[in-house]
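So the chains spell out like this:
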Amino acid sequence: MEWVEATGRSVTEAKNAALDLLGVAGDEADFEVLAEEEKGLFGRVKQEARVRARVRPAQPRPKAEGGGRRNDRKRNRNRGGGGGDRSKARSGGGDRERSKGRDSGEREQRRQQQREQRREQREQDREQPKRERQAARAGREESAEDSAPVAASVGAAAAPTPRSAPAEGDVVSLDAQAEIVSEFMSGLSDAFGLAGEVTTITVDEETREIQLNGDDLGLLIGPRGHTLRCVQDLARTVVQRQGDREPGRVRIDVAMYYAERRASLERFTRELAQKVIDSGEELALEPMRAADRKIVHDTVGEIDGVDTISEGSDPDRRVVLIPVD
Amino acid sequence: MSEPETANEVLTFLVKQIVDQPDAVEVDIESAEERSVLEVRVAPGDMGRVIGKRGRVANAIRTVVRAAAVRDGVEVDVEFLD
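Note that the structure is a prediction, hence the values are computed from the model and not measured.

Engineer: I'm lost on the overall build of chain A in this one. Help?
Structural biologist: Of the regular secondary structure elements, chain A holds 11 helices and 11 strands. Taking all 325 residues of chain A together, the buried fraction comes to 44%. Once local pairs closer than 6 in sequence are excluded, the contacts in chain A between residues at least 24 apart make up 62%. As displayed, chain A offers around 17,100 Å² of accessible surface, 46% of which is attributable to carbon and sulfur atoms.

Below is the structure:
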């Protein structure tokens with residue numbers, strides 16, 4: 001995932017601005033403080049604080065994968081260090097895992113068993129996802145994008161894989177994660193007794209969208225999308241049970257709820273932006289969630305003569321449209 | 001009064017998706033006037049998963065199960081029992 005840079009009058013403000021750019025909550029991002037703010041006379045800001053942030057990858061990336069790709073893109077600083085760097089990050093993740101549970105060894109074993117069970121079940125189910133997931137499980141050498149399963153990795157995966165640290169190298173590809181969410185959504189729709197149709201859409205390289213469409217899906221959306229957000233949380237919980245996962249997002253939409261909402265928020269934002277341009281006066285929006293603020297920022301970003309800032313802190317954080325010359 | 005069948009289905013599905021030991025998942029329905037309590041039992045090691053950090057997972061399950069109960073025409077509470 002890409003790093004973004006943001007500035008603010010304090011480190012906190014800069015971080016908040018970065019979160020808006022990413023459109024995620026504070027606990028889902030990694031930060032690096034590039035510069036602390038410096039106060040001049042009378043509390044005037046001499047230098048703004050600068051931070052860099054990115055959406056926190058699901059798990060530390062294992063060394064085998066992505067080594068080249070990401071480093072190429074990374075600009076500078078302590079990131080370019082290659083293998084050594086990366087393995088440190090990984091063992092750090094391991095520590096965290098260890099301290100989390102008292103008997104994580106046992107739990108790990110159980111999880112492994114569970115994976116085996118799931119795989120067996122899957123083997124009965126379908127041919128394609130099975131191969132994909134086996135490939136994912138095998139700790140592939142190829143980069144994460146090469147999600148097309150190859151014969152060799154299927155063969156490797158078929159062998160039992162006793163490992164001292166089973167989570168390592170066990171990278172579940174984004175498409176395999178999407179498959180899990182897709183099955184989750186059809187299972188849920190069945191349990192509700194609804195005849196929904198589930199489709200998987202590739203939004204971009206690191207985003208998949210699982211759409212559930214059909215009649216009478218309002219119950220799954222709930223008041224102001226509250227139930228849908230809970231469904232999304234639960235789907236994420238299910239995906240997180242997998243070990244290492246390729247970074248990226250699998251989002252869910254039911255009956256085009258988010259799609260329509262996004263479209264109307266964009267329309268609304270354009271109207272407001274025009275108002276700001278015409279009047280030359282700032283306009284503060286209602287407090288919104290990070291994801292919605294991102295839609296506002298992105299929409300205004302395409303319009304000349306008006307800019308956005310965010311102020312306040314969650315859950316009262318809001319976007320302000322400001323006129324620029 | 002109708003049984004919260006849909007709620008039960010949805011609850012059982014969700015909990016089984018989340019735990020390590022789906023076979024150990026049990027749901028009992030305590031029916032009462034207008035309001036039923038769905039009692040969930042899971043394997044001891046799975047309780048933490050089902051509840052989640054600050055009860056986040058448990059609350060999400062409650063919300064979705066209550067939505068399902070609308071189809072049954074009943075109100076339900078979900079309780080997670082050790």
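Let's pick the thread back up.
Engineer: Could you clarify how one ought to interpret the interface of chain B and chain A in this entry?
Structural biologist: Often, the extent of an interface is quoted as the loss of accessible area upon association of its parts. Each partner contributes residues to the interface: chain B has 23 residues there, and chain A has 23 residues. Both sides together, the interface formed by chain B and chain A hides about 2,100 Å², and carbon and sulfur atoms give 63% of it. The largest per-residue losses of area from chain B upon contact with chain A belong to Q17(B), D20(B) and R71(B), which jointly make up 27% of the total buried on that side. The tally of links between chain B and chain A comes to 2 salt bridges. Among the ionic pairs, R56(B) bridges to D233(A), the shortest N-O distance being 2.9 Å. Viewed at the interface, chain A and chain B are joined by 7 residue pairs in polar contact (both at pLDDT 80 or more). Every element with two or more residues in the side of chain B that touches chain A is listed here: α1 (5-18) and α3 (56-72) of chain B. Looking at the side of chain B that touches chain A, the element that brings in the most residues is α3(B), giving 10 residues. For the side of chain B that touches chain A, the class distribution of residues is 13 nonpolar, 5 polar and 5 charged.

Engineer: Hey, could you run me through α3(B) in this one?
Structural biologist: Residues and elements named next belong to chain B. In a regular helix each residue adds 1.5 Å, so 17 residues correspond to 24 Å; α3 covers 25 Å between its end C-alpha atoms and thus fits that length. Burial in α3 covers these residues: V57, A58, A60, I61, T63, V64, V65, A67, A68, A69 and D72. Among the residues trailing α3, G73 stands out with phi positive, at a value near 70 degrees.

Engineer: Even after reading the chapter, I still don't get the confidence of the model for chain A, so can you show me in this structure?
Structural biologist: Do not read the predicted coordinates in detail wherever pLDDT is low. Residues and elements named next belong to chain A. Scored by pLDDT, chain A comes out at a mean of 73, with 63% of its residues at no less than 70. Counting interchain partners and residues more than four positions distant, the pLDDT-below-50 stretch residues 61-104 has 59 contacts. Scored below 50 in pLDDT, residues 125-168 shows 66 contacts in the model against residues more than four places distant or in partner chains.

Engineer: When you look at the nonpolar core in this model, what are you seeing that I'm missing?
Structural biologist: Among soluble globular proteins, nonpolar side chains are generally buried collectively. Counting residues in hydrophobic clusters, the biggest one holds 54 residues, and the most contacted among them are F184(A), L188(A), L14(B), I61(B) and V65(B). The leading source of residues in this core is α3(B), at 9 residues. Discounting chain neighbours no more than four positions away, the residues touching V65(B) are A7(B), V10(B), L11(B), L14(B), L38(B), V76(B) and V78(B). Within the second largest apolar cluster, 13 residues are counted, among which are A18(A), L22(A), A49(A) and V51(A).

Engineer: Would you mind going over the confidence of the model for chain B with me for this structure?
Structural biologist: For chain B, per-residue confidence averages 92 on the pLDDT scale, and residues scoring 70 or more make up 98% of the total. The ipTM, which scores confidence in the relative placement of chains, is 0.95 for this predicted complex, and the corresponding pTM is 0.57.

Engineer: Mind showing me how you'd approach the packing of aromatic side chains here?
Structural biologist: Each aromatic ring pair is specified by the distance between its two centres and by the angle formed by the two planes. Scanning all chains against the criterion turns up 2 aromatic pairs over all chains. The side chain of K15(A) reaches across the aromatic face of F31(A), ending 4.9 Å from its centre.

Engineer: Help me understand the sheet that holds strand β6 (residues 197-204) of chain A in this model?
Structural biologist: The strands making up a sheet associate through backbone hydrogen bonding, with each pair oriented either parallel or antiparallel. All names here are of chain A. Taking strand neighbours across the sheet as the criterion, the 3 strands line up as β6-β7-β8 in an open arrangement whose pairing is mixed. Both edges of this open sheet fall to β6 and β8 (249-254), since each of them pairs with a single strand only. Mean inter-strand twist for the sheet, computed between neighbouring axes without regard to direction, equals 25 degrees. Bridging between β6 and strand β7 (residues 207-213) involves 7 bridges; their strand directions are antiparallel. Looking at β7, one finds that T202 is bridged to R208. Strands β6, β7 and β8 of the sheet are contacted by helix α7 (residues 174-191), whose axis makes an angle of about 15 degrees with β7.

Engineer: I keep staring at the side chain of E209(A) and nothing clicks. Help me out?
Structural biologist: Residue and element names in this part refer to chain A. Counting through the fold element by element, E209 comes out in strand β7. For E209, a relative accessible area of 7% corresponds to the buried category. Residue contacts for E209: discarding those within four places in its chain leaves T199, T200, I201, V203, R251, D253 and R262.

Calculation notes
Per chain, residues are indexed from 1 in the order of the written sequence. A letter from A marks each chain and a number from 1 marks each ligand, given out in the order of writing. Reporting in this predicted model follows two pLDDT cut-offs: at least 70 for local features of residues, and 80 or more for side-chain atom pairs to be given and counted; totals over whole chains, interfaces and linings ignore these cut-offs and use all residues. With hydrogens and water stripped out, all remaining heavy atoms of the structure feed into the side-chain values. Helix numbers and strand numbers start at the N terminus; a helix is a DSSP run of H or I with at least 4 residues, a strand a run of E with at least 2. Think of it in three bands: with a 1.4 Å probe and only protein chains considered, a residue is buried below 20% of the maximum accessible area for its type, exposed above 50%, and partly exposed in between. Any two residues whose heavy atoms approach within 4.5 Å are treated as being in contact. Working definition of accessibility: Shrake-Rupley area with a 1.4 Å probe, residue cover restricted to the visible protein chains. Buried area: the sum, over both parts, of the accessible surface (1.4 Å probe) that disappears when the two are put together. What makes a salt bridge here is a side-chain nitrogen of Lys or Arg within 4 Å of a carboxyl oxygen of Asp or Glu, nothing more. Think of a polar contact as two N or O atoms within 3.5 Å of one another; within protein, one of them needs to be a possible hydrogen donor and the other a possible acceptor, and neighboring residues in sequence only count if both atoms come from side chains. Residues are grouped as follows: Ala, Val, Leu, Ile, Met, Phe, Trp, Tyr, Cys and Pro are nonpolar; Asp, Glu, Lys and Arg are charged; every other residue, Gly included, is polar. The span one expects for a helix is its residue count, reduced by one, times 1.5 Å. Confidence per residue, as judged by the predictor, is encoded in pLDDT with a range of 0 to 100. Take the buried Ala, Val, Leu, Ile, Met, Phe, Trp, Tyr and Cys residues and link them wherever side-chain atoms come within 4.5 Å; each set so joined is a nonpolar core. Geometry of aromatic contacts follows a simple scheme: Phe, Tyr and Trp rings, the Trp one being its six-membered ring, pair when their centres are within 6.5 Å, and the pair is stacked under 30 degrees between planes, edge-to-face over 60, tilted otherwise. Each ring is checked for a lysine NZ or an arginine CZ that lies within 6 Å of its centre and within 35 degrees of its normal; such an atom marks a charge sitting over the ring. For two strands to count as paired, DSSP must find a minimum of two bridges between them. Here, axes are lines fitted to C-alpha atoms. For helices the fit covers the stretch in contact, and angles between N-to-C directions go from 0 to 180 degrees.

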